[in-house]
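Chain by chain, the residues run as shown.
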Amino acid sequence: MAQKKNRNQQKPKSEIKLAEERFQNCIVKRNSLNDDARALRDERNSLHDQRSKVMEEIMKHRDEMKSNTTTKTKHQNARNSSQDKAKKLIELKQQKRKGKKGEKSLKDTVQALHSEILNLERRRETTEMPISKEREVMEKLGILRRSLGDQEGELATQEHLNLEVSELDAEIDSEFSKANEEHSAVINLAKLNKKIYKKVTNLMKEASHLSTEADKKHKEFVDCRKKADNQHAKAMEMLETLRTHKKTASEERQARWQVVKDHRKNIKKELYDPKKLE
């Protein structure tokens, strides 16, 4: 019964066995931590890739905004140029209108001169009068005809001014129409850039969130790698301990074997000693 109990009792583990188990435990933990670290690294890299794509999209939108701003500036310059031209044309029109004020009186004067000349000519042709009177009428007709010529010249100039003012009105309307078109383009580009800016703002928030998450994963990755390195260091220590134990055990076995060999040698020597055989 005592022998059975001794067999059932577990033998205490040797230092080599304990060192091997501890070494293997460290290796298993190290490998597991390295696997976790690789997974965290892959997650971090995936987040960085996502952020890079978001940043590429942001840069495309920013380039589009810059292009729109450049185009908007051109439209603004064109609008301002058309408005300035229209203002200058309005000033010119006002200047010309100052000379238009006497147009009605000029027409009345010309018509009155025509009527007076016709009446005098009719009177001269239909009425008998002395030579002195006829000369007086002829002199008056000459004066009236010269005055009529002057007034008709002024009236022609005035009518030309009226034509120029009418043309100026058309040019002014054309410039204001151009300015309105350019202003509409400016407003549309400003609205477009506002929409793009909202997109960029949302994308920047997304990029910031991805950066934060990537930083967290990187910290977890670094911590995990440190733990794996610690387990590796422990494993290396246990490996060195295991080698020491194995070396010691090997030396002890060799020493015991040498004792056995020496003992056998002594026995053999004793058995085959010629003196003892006699």
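It should be emphasised that the depicted structure is a prediction, and the values quoted were computed from it without experimental measurement.

Conventions adopted
Residues numbered from 1 in each chain as written. Predicted model: local features only at pLDDT ≥ 70, side-chain atom pairs only at ≥ 80, totals over all residues. Heavy atoms only, no water. Helix = DSSP H or I, 4+ residues; strand = E, 2+ residues; numbered from the N terminus. Buried < 20%, exposed > 50% of the residue type's maximum accessible area, 1.4 Å probe, protein only. Contact = heavy atoms within 4.5 Å. Areas by Shrake-Rupley, 256 points an atom, 1.4 Å probe, with all protein chains shown as cover. pLDDT = per-residue confidence, 0-100. Core = buried A, V, L, I, M, F, W, Y, C linked by side-chain atoms within 4.5 Å. Salt bridge = Lys/Arg side-chain N within 4 Å of Asp/Glu carboxyl O. Patch = residues over 30% accessible without salt bridge, like charges linked within 9 Å, V, L, I, M, F, W, Y side chains within 5 Å. Lys, Arg positive; Asp, Glu negative; His and termini not counted. Charge placed at Lys NZ, Arg CZ, Asp CG, Glu CD.

Another point: the overall build of the protein chain. Helix and strand counts for the protein chain stand at five helices and zero strands. Element order for the protein chain, N to C, with α for helix and β for strand: α-α-α-α-α. The buried share of the protein chain, taken over its 278 residues, is 23%. Of the contacts made within the protein chain by residues no fewer than 6 positions apart, 90% connect residues no fewer than 24 positions apart. Entry remark: accessible area of the protein chain is about 21100 Å², with carbon and sulfur atoms responsible for 50%.

Another point: the confidence of the model for the protein chain. Looking at the protein chain, pLDDT values average 81 and 83% of them are 70 or higher. The spread of mean pLDDT over the elements of the protein chain runs between helix 1 (residues 2–8), the lowest at 48, and helix 2 (residues 15–98), the highest at 89. For residues 1–11, every residue scores under 50 in pLDDT, and the model assigns this stretch zero contacts once sequence neighbours within four places are set aside.

A separate point is the nonpolar core. In terms of nonpolar packing, the biggest core is built from ten residues, these being L47, V54, I58, M65, I196, V200, L203, A207, L210 and A214. For this core, the elements supplying multiple residues, two or more each, are helix 2 and helix 4 (131–271).

Quick look at the environment of I187 now. Here I187 shows up in helix 4. C-alpha separation for the pair I187 and H75, spaced 112 residues apart in sequence, amounts to 9.8 Å.

With that out of the way, let us pick up the pattern of salt bridges. Note on pairing: side chains with opposite charge can pair once their charged atoms come close. Summed over all chains, the structure comprises eight salt bridges. Between D35 and R38 there is a salt bridge, with the nearest N and O atoms lying 2.4 Å from each other. Here the residue D35 and the residue R38 both occupy positions in helix 2, the gap between them amounting to three residues, near one helical turn. Using a relative accessible area of 43% as the deciding quantity, one classes D35 as partly exposed. When the shortest N-O distance is used, the salt bridge between K217 and E43 registers 2.9 Å. Here K217 is found in helix 4, whereas its partner E43 is found in helix 2, with 174 residues between them in sequence. We classify E43 as partly exposed; its relative accessible area is 36%.

It is worth spelling out the side chain of N193 at this point. On the secondary structure map, N193 appears in helix 4. The class for N193 is buried, based on a relative accessible area of 10%. Excluding residues within four positions of it along the chain, N193 makes contact with E64, M65, N68 and T69.

For M236, the position within the fold is in helix 4. Distance from M236 to I27, taken between C-alpha atoms, is 9.2 Å for residues 209 residues apart in sequence.

A word on a positive patch on the surface. A cluster of basic side chains, namely K191, K194, K195, K198 and K199, defines a positive patch on the protein surface. Mapping K195 onto the fold places it in helix 4.

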